[in-house]
Amino acid sequence: MGPAALRTAGLAREIAKLGWAVDDLGDLAIQPQTPRGHANPAIHHLAEAAAWIDTITPAAEAACAADLPIFMGGDHSLSAATVAGVARHAAEVARPLFVLWLDAHCDFHTLETTESGNIHGTPVAYFTGQSGFEGLPAPTHTVPAQNVTMLGLRSVDQAERGAIRAAGVDTHDMRSIDEMGVLPPLRSLIERARAANGLLHVSLDVDFLDPQIAPAVGTTVPGGATFREAHLIMETLGDAGVVTSLDLVELNPFLDERGRTASLLVDLVASLLGRRVLDRPTRAHAA
């Protein structure tokens, strides 16, 4: 229901107001799957995850024909497929792919290390080509771990901590943001992507945001990004003009409060695509 909530909140309408032509390609679907086991007994919905990867990956690659495809989904396992598809496109156009991961979690478990069995805790390890994914289709193209920048981390398991260090992922937790702000690591990523003539995929998980402003997520972690930090990130990316694709995930409208999380996501996308504070209507102006 997350994509439906974003549509209801006016995502296409607000993007069109900024001068973009918008095509809604609709939702994808998979057939019912026969359950599939795994050596890790905690793993669940493995067959469904594999089917979704097979379905979404080529669709994401095809969507890259647009100027800026936006992928809307449920949990963050979506990004295992969207990034894999965008990586295929990047290889075709001979440009490196960079990923900005906006999330409270680093999602760097493998099917072997996850204790919860939640595949939405594994996509970054998957699309960076880590081992431990027997049972899922292997990505044809991967993203170098050094090309991944994570902002807003505040819930990282011990196994993930060692793995992301070994892989060389650029990580910035909320303490780092409190001390330095969001701009230094963000500008560094932008400069790297520009220097390499790279593509930049942004993956935005609702739990990146503080639950006080974005309650509609099942994996809330206190102390997330503020309203202004989130908009500053999007505005800075928009000014740079380097973003080539975007994920919007983990929005659960059943946990929302009068749609305010969905509306916030729509506003953040608008900031990425060119809207600025002086262009944003207030209730007083709208009255």
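Here is what the cut-offs are and how they apply
- Residues numbered from 1 in each chain as written.
- Predicted model: local features only at pLDDT ≥ 70, side-chain atom pairs only at ≥ 80, totals over all residues.
- Heavy atoms only, no water.
- Buried < 20%, exposed > 50% of the residue type's maximum accessible area, 1.4 Å probe, protein only.
- Pairing = 2+ DSSP bridges.
- Helix = DSSP H or I, 4+ residues; strand = E, 2+ residues; numbered from the N terminus.
- Axes fitted to C-alpha atoms, helices over the stretch in contact; angles between N-to-C directions.
- Contact = heavy atoms within 4.5 Å.
- Phe/Tyr/Trp six-rings, centres within 6.5 Å; stacked < 30°, edge-to-face > 60°.
- Parallel < 35°, antiparallel > 145°, perpendicular 65-115°, else oblique.
- Nonpolar A, V, L, I, M, F, W, Y, C, P; charged D, E, K, R; others polar.
- Arc of directions from axis to C-beta.
- Core = buried A, V, L, I, M, F, W, Y, C linked by side-chain atoms within 4.5 Å.

A. Spatial organisation of unusual backbone geometry. The backbone of D107 shows a phi angle near 50°, a positive value even though the residue is not glycine. The exposure class of D107 is buried, given its relative accessible area of 6%. One non-glycine residue, R258, adopts positive backbone phi at about 55°. Take R258: its relative accessible area is 83%, and that puts it in the exposed class.

B. Structural view of the sheet that holds strand β1 (residues 70–72). Overall, parallel pairing links the six strands, which are arranged β1-β6-β5-β2-β3-β4 in an open sheet. The open sheet is flanked by β1 and β4 (170–173), the only strands paired with a single partner. Neighbour to neighbour, the strand axes of the sheet diverge by 10° on average, direction disregarded. Relative to β4, strand β3 (residues 148–153) is paired through four bridges, and the arrangement is parallel. Its bridge partner being in β4, T149 is matched across the sheet by D170. Its contacts with the sheet place helix α9 (residues 227–240) against β2 (97–102), β3, β5 (199–205) and β6 (243–249), and it is angled at close to 160° to β2. Helix-sheet contacts for helix α10 (residues 260–272) involve β1, β5 and β6, and the interaxial angle to β6 is about 175°.

C. Up close: the packing of aromatic side chains. According to the stated counting rule, one finds two aromatic pairs in the structure shown. Judged by centre distance (5.5 Å) and plane angle (80°), the rings of Y126 and F133 are edge-to-face. Looking at Y126, the relative accessible area reads 3%, which means it is buried. The exposure class assigned to F133 is buried, which follows from its relative accessible area of 9%.

D. Local environment of the packing of α9 against α10. In contact at an axis separation of 7 Å, α9 and α10 are set at 30° when each is read in the N-to-C sense. In terms of orientation, α9 lies roughly parallel with respect to α10. On the side of α9, the interface is formed by F227, A230, H231, M234, E235, L237 and G238, while α10 contributes L264, D267, L268, S271 and L272. Here the contact of α9 with α10 is composed, by residue class, of seven nonpolar, three polar and two charged.

E. Representation of the environment of R88 within the structure. Inspection of the secondary structure assignment puts R88 in helix α4 (residues 78–92). Its relative accessible area of 23% is what places R88 among the partly exposed residues. Taking the C-alpha atoms as reference, R88 lies 32 Å from S263; in sequence the two are 175 residues apart. Apart from the residues within four sequence positions on either side, R88 is in contact with T57, P58, E61, T140 and H141.

F. View of helix α6 (residues 158–167). Listing the buried residues of α6 in full gives E160, I164 and A167. Burial along α6 is one-sided: seen end-on, the buried residues are contained in an arc of 65°. Exposed side chains of α6 directed beyond 90 degrees from the buried face belong to Q158, R165 and A166. Elements that come into contact with the buried residues of α6 comprise β4. Residue G168 follows α6 closely and has a positive phi angle near 90°.

G. Quick look at the environment of S263. Tracing the backbone shows S263 in helix α10. Sequence separation between S263 and L11 is 252 residues, and the spatial gap between their C-alpha atoms is 8.4 Å.

H. Here's a closer look at the nonpolar core. In this structure, L100, L102, L200, I233 and L237 are the most contacted members of the largest nonpolar core, which totals 46 residues. No other element matches the seven residues that α10 contributes to this core. Sequence-distant contacts of L200, that is, excluding residues within four places in its chain, are made with L97, F98, V99, L100, L189, L237, V242, V243, T244 and S245. Membership of the second largest hydrophobic core comes to 41 residues, among which are L78, V99, L111 and V148.

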